[in-house]
Amino acid sequence: MDPHLKEMLEQDEDTRIAYLKAFTRLACADGSFDENEKLFIKNLAKNYEISESKIDDILAATDDDTIIEGVKKIKNRKIALGLIRELCILAHADDELTDDETLFIGRVGQAMGIELDKIEQISNWVIDKIILAEEAKIIFEEV
């Protein structure tokens, strides 16, 4: 079993739901929440063993203050750092990091007790990873 999945399944359902609601909110940040994004979150919810009746609530999560209150339940630092990493990856997926996305990720991180410099480190790591992947395409003539 994937170590991240195993660790997520050790968290209570409220924690797993809070994690996914943060994902949903960031996926909606660009003003669009398409079927592929919804399917991705639904699949994550199933993997995280979230009851079917709660998935619609997760997909409707858009209120920042409610989501921030929810992520305060995430006390496991490894899970919290993983959420920040995943949010940064999602935010950078469209090659455009907006102020709204940056502010939201910062608020989520601080709500979980993650320092701003650690959040910035994670974001920079994600950017470096994206740059290296693009360079690899050029080097190995995969473009």
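This report concerns the structure included in the present document. Given the structure is predicted, the values throughout are model-derived calculations rather than measurements.

**Regarding helix α5 (residues 64-71)**
Right, on to step 1. Burial in α5 covers these residues: Ile67, Ile68, Gly70 and Val71. The buried residues of α5 occupy one face: seen down the axis, they fall within an arc of 160°.
Right, on to step 2. Those residues of α5 that are buried lie in contact with α2 (13-27), α6 (77-92) and α7 (99-111).

**A closer look at the packing of α2 against α6**
Right, on to step 1. Running from amino to carboxyl end, α2 crosses α6 at an angle of 20°, the nearest separation of the two axes being 10 Å. Relative to α6, the element α2 lies roughly parallel. In the packing of α2 onto α6, the handedness of the crossing is right-handed. Judged by residue contacts, Tyr19, Ala22, Phe23, Leu26 and Ala27 of α2 engage Ile79, Gly82, Leu83, Glu86, Leu87, Leu90 and Ala91 from α6.

**Quick word on α6**
Right, on to step 1. The terminal C-alpha atoms of α6 lie 22 Å apart, and with 16 residues this matches the ideal 22 Å at 1.5 Å per residue to within 8%.
Right, on to step 2. Every buried residue belonging to α6 is among Ile79, Ala80, Gly82, Leu83, Ile84, Leu87, Cys88, Ala91 and His92, and all of these are buried.
Right, on to step 3. At its buried positions, α6 is contacted by α1 (3-9), α2, α5, α7 and α8 (116-139).
Right, on to step 4. By the N-cap criterion, in which a side-chain oxygen at the helix start approaches the backbone nitrogen of a residue two or three places on, α6 is capped by Asn76, the distance to Lys78 being 2.9 Å.

Procedures and definitions
Residues numbered from 1 in each chain as written. Predicted model: local features only at pLDDT ≥ 70, side-chain atom pairs only at ≥ 80, totals over all residues. Heavy atoms only, no water. Buried < 20%, exposed > 50% of the residue type's maximum accessible area, 1.4 Å probe, protein only. Helix = DSSP H or I, 4+ residues; strand = E, 2+ residues; numbered from the N terminus. Arc of directions from axis to C-beta. Contact = heavy atoms within 4.5 Å. Axes fitted to C-alpha atoms, helices over the stretch in contact; angles between N-to-C directions. Parallel < 35°, antiparallel > 145°, perpendicular 65-115°, else oblique. Left-handed = near helix turned anticlockwise from the far one by under 90°. Expected span 1.5 Å × (residues − 1). Polar contact = N/O pair within 3.5 Å; in protein donor to acceptor, adjacent residues only side chain to side chain.

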